[in-house]
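Breakdown of the fold
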Amino acid sequence: MRIVVLAGGIGGARFLRGLKSAAPDADITVIGNTGDDIHLFGLKVCPDLDTVMYTLGGGIHEEQGWGRAGETFAVKEELAAYGVGPEWFGLGDRDFATHIVRTQMIGAGYPLSAVTEALCARWQPGVRLLPMTDDRVETHVLIDDPEAGGAEGAAEGRAPRKAVHFQEYWVRLRASVPAHAVIPVGAEQAKPAPGVLDAIAGADVILFPPSNPVVSVGTILAVPGIREAIAEAGVPVVGLSPIVGDAPVRGMADKVLAAVGVESTAAAVARHYGSGLLDGWLVDTVDAAAVSEVEAAGIRCRAVPLMMTDVAATARMATEALTLAEEVRT
Ligand code: FO1
């Protein structure tokens, strides 16, 4: 069975670990979000690609869900000693090696897809990991400009706003201020990476894991051609809600959902994707009341446990998603 998964960071990577366990013989292609990418210290950092690669390759810092296990921070400390920032983004020594290899290969003319394939040759994640595009896309978030009157100024609607890089919004600001817009800068000019459209066209099933529907799955869908390819693939598309009991299981999906006018509920996210894209949607058992609302939107829905407490629980979720896919397959 050929499965295509649109994955963001931590939630997507953890789901993939369960999917591999539930479908060990499946041919899994992951289309990874690159909108979180950031250029620091002259290096290109790809958080979501690295989280998938490290998690499935066995190198992840398990509690954090990002970065490498067994990290040291000598380089980060030396950079700080030189007064070279930013200090708010925790890059470890082992992780730096990944960004050095990536940046060196890109500098030699290799596209990000080839670089990702080369890095995965070491990590053997057991899936084909494709960046959504080889072109540069970086998500920015529009916030109230704290230097210009901040939130109270905004109350009168007069404070100017400014765009900050997604990583600054999420890591430095801890998503603590309202996001007025989320802009995947460069998405309109981006092209799907080699292999992406072929993988979608050749899929038997397409899954949206419990990744952030705006800044992860949403960013992948913003690359021209990808949303259309999925809608026209003619195979079941099944998603798993990242929102459980009206709150994101992890991260700050509610902050960016508000930015795009979507309420933080399992049903609202399904409607946000739409029945033109989704054939099936899994909500957690605490959201069982949402099933009828989702079905009314033309999307088959089932309530099952969605907490990825361990690989076995996640494998059960993946099995439920694949089962629902077979039910909706016309
Ligand atoms: N997340 C944090 O909350 N704090 C960090 O210092 C941090 C550093 C970091 C370094 C490399 C990397 O690949 C990811 C990192 N992340 C950090 C996570 C990252 O912000 C998110 O994983 C994704 O961008 C969103 O899924």
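Criteria and cut-off values
- Residues numbered from 1 in each chain as written.
- Predicted model: local features only at pLDDT ≥ 70, side-chain atom pairs only at ≥ 80, totals over all residues.
- Heavy atoms only, no water.
- UniProt positions renumbered as here; feature names shortened; annotations may be inferred.
- Helix = DSSP H or I, 4+ residues; strand = E, 2+ residues; numbered from the N terminus.
- Expected span 1.5 Å × (residues − 1).
- Buried < 20%, exposed > 50% of the residue type's maximum accessible area, 1.4 Å probe, protein only.
- Arc of directions from axis to C-beta.
- Contact = heavy atoms within 4.5 Å.
- Phe/Tyr/Trp six-rings, centres within 6.5 Å; stacked < 30°, edge-to-face > 60°.
- Lys NZ or Arg CZ within 6 Å of the ring centre and 35° of its normal.

Per an unreviewed UniProt entry, the chain carries the name Phosphoenolpyruvate transferase and comes from Streptomyces sparsogenes DSM 40356. UniProt, in its Subunit (unreviewed entry) section for the chain, records the words "Homodimer." Its UniProt record gives the chain the following Sequence similarities (unreviewed entry) comment, quoted word for word: "Belongs to the CofD family."

1. Overview of helix α5 (residues 112–123)
With 12 residues, α5 extends 16 Å from end C-alpha to end C-alpha; this agrees with the ideal 16 Å at 1.5 Å per step. Among the residues of α5, those classed as buried are Leu112, Ser113, Val115, Thr116, Leu119, Cys120 and Trp123. Along the axis of α5, the buried positions cluster into a sector of 155°, meaning they face one direction only. Every exposed residue of α5 that faces more than 90 degrees away from the buried side is listed here: Glu117 and Arg122. On its buried side, α5 packs onto β4 (43–45), α2 (47–57), α4 (93–107) and β5 (128–131). After α5 finishes, the residue Gln124 shows a positive phi value of roughly 45°.

2. Observations concerning unusual backbone geometry
For the peptide bond that leads from Gly85 to Pro86, omega is 0°, which places it in the cis range. With respect to the helices, strands and loops of the structure, Pro86 is situated in the loop between α3 (74–81) and α4. A positive phi angle is found at Gln124, which is not glycine, with a value near 45°. Note on placement: Gln124 falls in the loop between α5 and β5. Its identity is not glycine, yet Ala175 carries a phi of approximately 50°, on the positive side. Examined against the element boundaries, Ala175 turns out to sit in the loop between α7 (166–172) and β8 (181–185).

3. With respect to the packing of aromatic side chains
Tallied over the full model, the rule gives five aromatic pairs. Pairing Trp88 with Phe89 gives two aromatic rings, centres 6.0 Å apart and planes at 85°, and the pair type is edge-to-face. According to the relative accessible area criterion, Trp88 is partly exposed, its value standing at 26%. Centroid distance Tyr273 to Trp281: 5.8 Å. Interplanar angle 65°. Geometry classified as edge-to-face. Residue class for Tyr273 comes out buried when judged on its relative accessible area of 6%. Among the aromatic side chains, those forming a connected cluster through ring pairs are Phe208, Tyr273 and Trp281. The ring of Trp170 carries the charged tip of Arg174 above its face, separated from the ring centre by 4.8 Å.

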